[in-house]
Amino acid sequence: MRIALSLLILLSFSIHAQQNLSLSESIMGQYRQFYPEHYNQAKWLPGTDRLVYIAGDWRQIESINSAGEKDILCTTKSLTEAVGKPVPYIAEFSFLNQKELVFPVRNTYYKYNLETKKGERYVQYHMDGENADLHLSSGKIAYTLKNNLYVANKNNDSIPASCHEDPNIVAGQAIARSEFGITKGTFWSPSGKYLAFYQKDESAVHDYPLLDITVTPGKLNAIKYPMAGQSSEQAMIGIFNTDKNKGVYLKHEIPNEAYLTNFGWGPNEKYVYVAIVNREQNHMWLNKYDALTGDFVKTLFEEQHEKWVEPENPVHFIPGTEEFLWFSERDGFMHLYRYDSEGNLKNKVTKGNYVVKEIMGFTPSNELILLCTDESGLNTNYRIADLDSDNSKLIPLKAGQHSGAYNSEKDIIYDTYSNLETPNLAQIINLEGEQIKELINARNPYEGKYNLGKTELISLESKDGKDLHARIIKPHNFDPNKKYPVLVYVYGGPHAQLVTNSWLGGASLWMHWMATEKQYIVFTLDNRGSTNRGFEFENGIHRQLGTLEMEDQLVGVNYLKDLAYVDAEKMAVHGWSFGGFMTTSLMLRKPDVFKVGVAGGPVTDWKYYEIMYGERYMDKPDENPEGYKKASLLNHVSKLKGDLLLIHGTIDNVVVMQHNLALVKAFVDEGILIDFFPYPNHPHNVRGKDRVHLYNKVLTYIDEQLFPCGR
């Protein structure tokens with residue numbers, strides 16, 4: 001009896017020892033104390049089976065080999081002693097060779113010898129420089145100061161690659177507002193002799209004012225923001241010879257206001273390749289240019305589609321050849337096509353109802369190692385593809401979200417994956433999928449300490465028979481005999497996938513807080529238009545943003561309403577950016593569904609949004625007046641029945657605040673009361689500690705409006 005009582009007390013203590021996450025912990029801790037054990041920036045030491053990564057709270061670099069033998073290569077202390085300058089943490093590193101690595105501290109890159117433990121300055125650029133781009137082997141670094149581009153070298157020389165006094169002309173920065181896979185504005189040639197760069201003339205683009213309230217009196221900071229249907233930037237590409245300190249510009253014969261996308265160097269630095277897209281974004285030309293003169297050589301091939309074409313990857317040359325691989329959705333899914341340098345199609349390299357996401361490398365026998373989705377789009381895995389045909393085989397691994405690094409010299413893969421049951425498993429595998437060494441099997445960071453909601457992945461069917469993937473999070477102490485309120489979290493826009501077979505199912509921790517602390521069902525569905533499902537799944541939204549997406553979201557709503565444990569009278573919706581547009585669309589265009597909505601940074605009228613993204617999906621306002629009218633939330637304000645909170649960062653340079661202010665004005669004109677909350681001096685998203693305030697505001701609003709008299 002005494003033993004039984006002791007066990008009962010122990011069990012009781014174990015149950016009560018578990019606690020709910022606080023909202024602050026869920027917001028600030030997801031990628032800190034609750035992030036499963038992992039390696040930071042893991043990469044192979046050249047010529048070895050040794051994996052190198054940043055560890056120790058970003059304060060040391062370690063390595064581990066395929067036998068599991070670990071070593072500490074350097075620490076912030078040893079690096080500080082070696083270079084004679086404080087190294088507070090290690091942000092990144094790269095290998096010059098097996099013995100030397102390079103790492104940055106502020107505006108300086110240092111070289112460190114792993115054997116001698118000695119270090120020295122490698123290259124330094126201007127303290128106020130931005131957009132730094134290091135060419136590792138040559139020790140040259142490109143950077144921008146204001147609107148001009150410079151190159152610094154190991155001799156401390158800093159040479160201007162552009163000299164524009166007109167602030168409307170910007171060199172060395174990303175163009176096209178970072179669409180088409182553009183993430184930067186400089187492109188080193190393989191040897192580092194040449195630097196290609198984007199340049200844009202924004203003279204015809206309107207200035208858009210953002211209010212800075214950190215000074216007295218407040219002042220306006222203008223950004224260039226090309227809205228749909230208005231004048232756009234004019235782009236050029238320059239090539240700067242760093243030996244001769246002079247350059248040329250590519251001689252484009254292209255449509256007015258066309259996009260210059262996906263720049264790539266040829267293997268011998270003689271030619272460069274650019275994917276030109278017309279402003280209508282329905283026609284692409286892959287052009288070849290002479291790198292020395294800038295002369296146009298030829299168009300290798302073209303792609304057209306009545307809805308849109310969107311190249312997102314440059315030419316990828318096959319080592320030791322004049323042939324390249326090209327990513328294209330021309331046959332319905334993102335696949336690889338093999339061309340020679342004259343534009344002749346050799347063969348299609350991959351096929352099937354899956355998406356090729358990344359070229360990881362080439363095997364010693366010249367096969368391709370690829371990262372791809374599976375046919376569901378929920379998982380990623382590796383494929384081995386034959387360059388000479390469209391045959392490929394899947395490396396058999398457990399289902400989940402895989403990523404990693406291929407070691408071509410040892411023919412092995414560093415693989416890391418998670419799924420709903422696995423926080424993170426890192427391993428070294430061979431190309432048969434066999435484990436050579438388990439490196440990390442991360443524990444569940446919540447187990448035994450915190451209550452976490454129960455996550456399930458489900459598949460629903462759209463009206464036209466498409467699979468719609470969804471995630472449902474239930475309270476940890478879920479009782480099927482109770483009735484629960486529902487929060488639907490939505491994004492719904494292109495280039496996003498919220499539901500994956502990964503740890504937590506891709507959910508944010510605040511969703512688990514809402515499920516467990518506030519006893520909600522939290523639901524998310526990836527509607528048509530979402531990524532990793534093929535071009536047909538994505539392009540049905542063309543010229544009618546919001547319409548098809550809402551139809552799919554209502555499939556999820558109807559599923560929820562059929563669940564015995566859902567309180568269909570207590571449903572709320574929340575989203576940000578495109579999700580803010582979707583939230584407000586659902587509240588106004590489907591007013592009988594949700595009692596409460598909270599929309600953050602919403603697009604409210606697509607004529608206020610940027611050209612590059614907006615015109616791809618909606619065309620110009622004068623080309624699609626009915627589509628713009630139907631999608632404009634300003635035209636639906638009179639239909640609101642529930643409670644709506646609108647939120648916006650006051651210096652949002654992505655979805656400018658005009659969207660929300662115009663919507664508020666429309667509500668005022670109709671005499672309709674809504675709620676509005678600004679986040680001063682925050683851009684498109686609210687970051688840092690203020691994010692705790694944001695979600696306290698969002699989730700408290702939802703709970704108080706659904707339960708005005710308490711629960």
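So, how was this worked out
- Residues numbered from 1 in each chain as written.
- Predicted model: local features only at pLDDT ≥ 70, side-chain atom pairs only at ≥ 80, totals over all residues.
- Heavy atoms only, no water.
- Helix = DSSP H or I, 4+ residues; strand = E, 2+ residues; numbered from the N terminus.
- Rg over C-alpha atoms; globule rule 2.2 N^0.38 Å.
- Buried < 20%, exposed > 50% of the residue type's maximum accessible area, 1.4 Å probe, protein only.
- Contact = heavy atoms within 4.5 Å.
- Expected span 1.5 Å × (residues − 1).
- Core = buried A, V, L, I, M, F, W, Y, C linked by side-chain atoms within 4.5 Å.
- Axes fitted to C-alpha atoms, helices over the stretch in contact; angles between N-to-C directions.
- Left-handed = near helix turned anticlockwise from the far one by under 90°.
- Nonpolar A, V, L, I, M, F, W, Y, C, P; charged D, E, K, R; others polar.
- Pairing = 2+ DSSP bridges.
- Lys, Arg positive; Asp, Glu negative; His and termini not counted.
- Salt bridge = Lys/Arg side-chain N within 4 Å of Asp/Glu carboxyl O.
- Polar contact = N/O pair within 3.5 Å; in protein donor to acceptor, adjacent residues only side chain to side chain.

A count of helical and extended segments in the protein gives eleven helices and 45 strands. Relative to the 2.2 N^0.38 estimate, which gives 27 Å for 711 residues, the radius of gyration of the protein is 27 Å and therefore close to what a compact globule would have. Each of the 711 residues in the protein was classed as buried or not, and the buried ones make up 56%. Partitioning the contacts of the protein with sequence separation of at least 6, the portion at a separation of at least 24 is 56%.

The residue T422 is located in strand β35 (residues 422–429) in this model. You can call T422 buried: its relative accessible area is 14%. It is 53 Å that separates the C-alpha atoms of T422 and E253, two residues lying 169 residues apart in sequence. With sequence-adjacent residues up to four places away left out, T422 is seen in contact with Y417 and W503.

This paragraph deals with helix α11 (residues 690–706). Under the 1.5 Å per step criterion, the end-to-end length of α11 is 24 Å for 17 residues, consistent within 8% with the ideal 24 Å. Regarding α11, the residues found buried are L694, Y695, V698, L699, Y701, I702, D703 and L706.

For the rest of this paragraph, the subject is the nonpolar core. Counting residues in hydrophobic clusters, the biggest one holds 63 residues, and the most contacted among them are F523, L560, F594, W606 and F667. Those residues within four positions of F523 in sequence are excluded, and the remaining contacts are I458, L460, A470, R471, I472, L487, V488, Y489, G556, Y559 and L560. With 39 residues, the next largest nonpolar core counts I175, I276, Y339 and M612 among its residues.

Between the first and last C-alpha of helix α6 (residues 547–561) there are 21 Å, a value that for 15 residues agrees with the 21 Å anticipated at 1.5 Å per step. Packed against the buried residues of α6 are β38 (454–461), β39 (467–474), β40 (484–489), β41 (521–525), β42 (566–576) and α7 (578–589).

Before going further, it helps to spend a moment on the packing of helix α4 (residues 509–517) against α11. Helix packing geometry: the angle between the two helix axes and the distance between the axes. Running from amino to carboxyl end, α4 crosses α11 at an angle of 35°, the nearest separation of the two axes being 12 Å. Considering only the axes of α4 and α11, their crossing is right-handed. Contacts between α4 and α11 involve W510, W513 and M514 from the former and Y695, L699 and I702 from the latter. In terms of residue class, the contact of α4 with α11 is made up of six nonpolar, no polar and no charged.

All right, on to the side chain of E610 then. Within the secondary structure, E610 sits in the loop between β43 (596–600) and α8 (611–618). Beyond its immediate sequence surroundings of up to four residues, E610 is in contact with R177, E179, Y225, P226, M227, A228 and E615.

We now examine the sheet that holds β39. Taken in spatial order, the eight strands line up as β38-β39-β41-β40-β42-β43-β44-β45 in an open sheet, and their pairing is mixed. The sheet terminates laterally at β38 and β45 (675–679), the two strands that pair on one side only. Strand-to-strand twist of the sheet, defined as the mean angle between neighbouring strand axes without regard to direction, takes the value 20°. Sheet topology places β38 next to β39; eight bridges connect them, and they run antiparallel. Across the sheet, residue E461 finds its bridge partner in β39, namely D467.

With that settled, consider the side chain of E62. One can find E62 in strand β4 (residues 60–64). Although E62 is buried, it makes no salt bridge; K70 carries the closest opposite charge, 4.4 Å away. In this structure the side chain of E62 is engaged in a polar contact, spanning 2.5 Å, whose partner is the side chain of Q60. Setting aside chain neighbours within four positions, we find E62 in contact with L51, V52, Y53, A55, K70, D71, I72 and L73.

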